[in-house]
Amino acid sequence: MLAHVSRYMLKTPELLAPARNMDSLIAAVENGADAVYLGIKDFSARAYADNFSIEEFRQALDVAHLRGVKVYVTMNTLIKDNEIEKALDIIYTLDELGTDAIIVQDIGLLELIRAKVPSLPIHASTQMTVHNTESVRFLKDMGVKRIVLARELSLEEIIEIKTSTEVEVEVFVHGALCICYSGQCLMSSMIGGRSGNRGYCAQPCRKQYKLRKNGNLSETEGNYLLSPKDLNTSDIVPELIDTGIDSFKIEGRMKRPEYVAGVVRIYRRLIDRFADDPSNYYVTEKEKEELEQLFNRGFTSGYFKVDPPGNLMSRQRPHNQGIVVGKVTGFNNKFKRMEITLTRELEVGDGIGFEGSRDSGTIVRGIYIGNILEKRAGIGDIITINFDQPPKNGTVVYRTLDDSLMKDLKVSYSSPAPIRKVPVSIRFKAHIGEKPEISLSDRENNTSHVISDYIVERSHKRPTTGNDVRKQLAKTGNTVFDTQEIDVDMPDDVFIPIKELNTARNEAIAEMESIRTRKWRRPPHDRSYEMSEEQTKLTDKKEAISKNEAKRTLLSVSVNDPEKLSSALKSGADLVYIDGSINELQKDEWKTAINFASEKNIPLYLHTPAIVKDPQFLNLTETIIFAKELGFEGIVAANTGVLGIALSCGLRILADSFLNVFNKHSLLLLEKKGVDTVTLSGEMNLGQVTEVAKYGDCEYIVHGQVQIMESEHCLIGGIFMQVEENSDKCGYPCNSGDFDIVDEKGFEFAVKTDQECRTHIFNSRELCLLDDIPRLIRAGISRLRIDSRNMDDKRTAMVTRAYRANIDAFYTGDIKHIWQGSDITEEHTRGHYHRGVI
């Protein structure tokens, strides 16, 4: 705590709340949010939320700005090339209306905003997977004002980022968690074409799966193996503030307004409580219960104190479980009444659910104590309620909805009288023979000034007193203003009609409302949708190279052991990407295979991970230096932090698919930064790939097991934890066999755990585009990649030979030795090659 006081002088963070619609926005504002984030009807990562039209947004912005609340707009999805003009048009409008910031994922869109709308502050979305200091520096250099950090960071890691970069950071403090790093999940799109990177996540993590070990089913406590609990940091608010976090973000753009009202109200209270008395922070039992009642899948403090292997997941209930209110103790078949012994209060109108059942809840319409119909019952009461389907005796009963709480919270956003007030002071001046003047001032140096048309007269009967004036001017009614001070400059013998006082007051209030909302407006733009001069030069250079140099499409192969490297080299690879650490590359087997590559004059690239936290950067840097000494030609950079380091090491750079390059603007930006080749997003179809490939050297992954999730959580370790709770030791059950999870349709997804105890989940079908090689080459793809890291060396050799033969056949016209996809894989997918994603 002392560190906080000395370092940040008790700076309290912004409280940032979600708004799915106008009711949610008002709920957030009235209950104490400093800022809200919301989506426009296009390009939002919560496409299934109501979201706002531009006209609705204009009204929402005025509601918030009038009360001194900021509004951030989420355009945090990947943008297709044919959507860029529409996206830019919306952004121009958002800036002109006075939007406080825009939250983005797409790195190409980010660059466009900086170039064309420099007045609009940019926040980097958590969808950008920012999880290390170097990534923050990279985005800071691009003009990003604030970073929404990955949820997987610990308090220590956040402190390191904050102190090293001095960039504004925002973290989620309450609400739903994703099992996968945001921005790296392809599971929804691979299963059904609904991409989380486009705002259409189908939440496959909330579905049932069975676990298999070495092909045999394993018992688990619940089948919702990928479903995390909800984040709740109410107990560690002081520690979070101590890190210097600038914004506390509440998740919930799909939640009802009452949820927003309740959670915001409590976190507002907690932040203020700590600020008022840092040494005496507490959370009341009522506050804890209310957070639990509003929505919970069980609570966790997430990764703030590192991965909680045994306390992160909600494997038995993937939906709101509410609060335990009792147990079933009987059932009357004749009258279809269920008997419940209560451990908490229950009222008519409450919703209840049952342990082990997802869809059998009900709303309580009547409560019987004995034969007496009651509206409520308390602890220890034995009640009966009407219910058709009898649960077993002993079944735990949950209150999933507290009707009284919901009604109380609804008042906060539905009442015509605002709860949140803006303090103002009034100065009134009136002298005989002159027009009265009224000035209304707030605490942000805004002042409205109104001169009445009325000419002040001398009083002939009862004069207007100072108290009369104060009484009328204090009547601000259902406006947001709360009069704190009224100064009256007026002689004793004047007369001013009450009507004139009311008119002047109302005009001053209306002018102040206008000032507070319109001061954020920005000048209209001369709207341009063309590429910048710099982008045009890069495009012209690409076209010139294409005309003068007909380059063959190359075949690249990713490997992770020396045997696969040798197989790829012998079978026709033009380039090989080696996934290995410095400790591994120093082994004789690797050195022999690397020397073989050098003899064959085949370039090698160091394949770096998608997730590299700060503590791992030293080892990675040493590996890069060692790879350079071994003669490696390049680096495969999979996150912006590694990319920033790679740009200074003098090697060629391939931007990996995890950077989510989805349009030509992202490609051109990376080229401008110094990237040689870009691996395009696997969520692009052939038409999109063809369009982007016109603007630079592109790679497309054509074969292998596609990673669809990467999680900081050790999934297998969490399920088979062989240690006592809160122990920091692990029996490493993830190393005890081969694991996969099986969905309700029988599809199998391989699960692997890396050396950092992170979980990697792979698609159920191997990607194979062997039959589509001619189309991809004609599309202008520079490299086609095979990912063999989940194959053995013999399969690596076979698959590499097949693609080598088909690429060569395209150029020679020799179709006799063409391979078919069915020759190398029985069951496979073409991914998004044809259909793309929504």
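Residues numbered from 1 in each chain as written. Predicted model: local features only at pLDDT ≥ 70, side-chain atom pairs only at ≥ 80, totals over all residues. Heavy atoms only, no water.

### A closer look at the overall build of the chain
The condition is simple: Only DSSP runs of H or I with at least four residues qualify as helices, and only runs of E with at least two residues qualify as strands; both kinds are numbered from the N terminus onward. When we talk radius of gyration, it's over C-alpha atoms, and the globule rule is simply 2.2 Å times the number of residues to the 0.38. Per-residue accessibility, obtained with a 1.4 Å probe over protein chains only, is compared with the maximum for each type, and a residue is labelled buried under 20%, exposed over 50%, and partly exposed between these values. Two residues form a contact once any of their heavy atoms are found within 4.5 Å. Residue burial considers only the protein chains on display, and all accessible areas are found by Shrake-Rupley using a 1.4 Å probe.
What the chain contains, in helices and strands, is 26 helices and 42 strands. Here the chain has a C-alpha radius of gyration of 31 Å; the compact-globule value for 838 residues is 28 Å, and the two agree. Overall, the C-alpha framework of the chain stretches about 110 × 75 × 50 Å when taken along its three principal axes. Among the 838 residues that make up the chain, the fraction classed as buried is 57%. Restricting the contact set of the chain to residue pairs at least 6 apart, pairs at least 24 apart contribute 72%. Split by element, the accessible area of the chain, about 35,500 Å² in all, is 47% carbon and sulfur.

### A few points about the confidence of the model for the chain
Definition in use: Confidence per residue, as judged by the predictor, is encoded in pLDDT with a range of 0 to 100.
With 95% of its residues at a pLDDT of 70 or more, the chain shows a mean pLDDT of 93. Throughout residues 1-8 the model reports pLDDT below 50, and contacts reaching past four residues in sequence, or to other chains, amount to 21 contacts. For residues 722-727, every residue scores under 50 in pLDDT, and the model assigns this stretch five contacts once sequence neighbours within four places are set aside.

### Quick notes on the environment of A64
Structurally, the position occupied by A64 is in helix α3 (residues 54-66). Each C-alpha atom, one on A64 and one on A17, is 12 Å from the other, the two residues being 47 residues apart in sequence. What A64 contacts, discounting residues up to four positions off in sequence, is V69 and V71.

### Regarding the packing of aromatic side chains
Each aromatic ring pair is summarised here by two numbers: the centre-to-centre distance and the angle between the ring planes. Selection rule: Between rings of Phe, Tyr and Trp, where Trp is taken as its six-membered ring, a pair exists when centres lie within 6.5 Å; planes separated by under 30 degrees are stacked, by over 60 edge-to-face, and by other angles tilted.
Across all of its chains, the model carries five aromatic pairs by this definition. With centroids separated by 5.2 Å and ring planes inclined at 55 degrees, the aromatic side chains of F354 and F387 adopt a geometry described as tilted. A residue pair is termed long-range when its members are at least 10 positions apart, and F354 in strand β16 (residues 351-354) and F387 in the loop between β21 (382-386) and β22 (396-401) qualify at 33 residues. The burial state of F354 is the same as that of F387; both residues are buried. With a centroid separation of 5.2 Å and an interplanar angle of 90 degrees, the aromatic rings of F810 and Y811 are classed as edge-to-face.

### So, the side chain of T479
Positionally, T479 belongs in the loop between α13 (466-473) and β27 (481-489). Its relative accessible area of 16% is what places T479 among the buried residues. For T479, the residues in contact, after removing those within four places along its chain, are P418, K421, I509 and E513.

### Focus on the packing of helix α4 (residues 84-97) against helix α5 (residues 107-116)
So the rule is basically this: The angle between two axes is taken between their N-to-C directions and runs from 0 to 180 degrees, where each axis is a line fitted to C-alpha atoms and a helix contributes only its stretch in contact. Angle categories are assigned with fixed cut-offs, so that under 35 degrees is roughly parallel, over 145 is roughly antiparallel, 65 to 115 is roughly perpendicular, and the rest are oblique. Note on convention: near helix rotated counterclockwise from far helix by under a right angle means a left-handed crossing. Clockwise means right-handed.
Contact geometry of α4 with α5 gives a least axis separation of 11 Å together with a crossing angle of 45 degrees. In terms of orientation, α4 and α5 fall into the oblique class. Remark: the crossing between α4 and α5 carries right-handed chirality. For the pair formed by α4 and α5, the contact residues are I84, A87, L88, I91 and Y92 on the first element and L109, L112, I113 and K116 on the second.

### Overview of unusual backbone geometry
One non-glycine residue with positive phi stands out, namely T129, at about 55 degrees. You can see T129 is positioned in the loop between β5 (122-124) and α6 (133-141). With a relative accessible area of 5%, T129 lands in the buried category. The phi angle at N601 is positive, at roughly 60 degrees, despite the residue not being glycine.

### Points about the pairing of strand β39 (residues 759-762)
Spelled out, the test is: Paired strands, in this sense, are two strands between which DSSP finds at least two bridges.
Alternating positions in β39 separate into two faces, T759 and I761 on one and H760 and F762 on the other, with burial throughout. Of the strand pairs in this sheet, strand β36 (residues 707-711) and β39 are connected by four bridges, and their pairing is antiparallel. Residue pairing across strands places Q707 opposite F762, the latter belonging to β39. Linking strand β38 (residues 748-753) to β39, which pair antiparallel, is a turn of five residues; within it C757 sits at a positive phi near 65 degrees.

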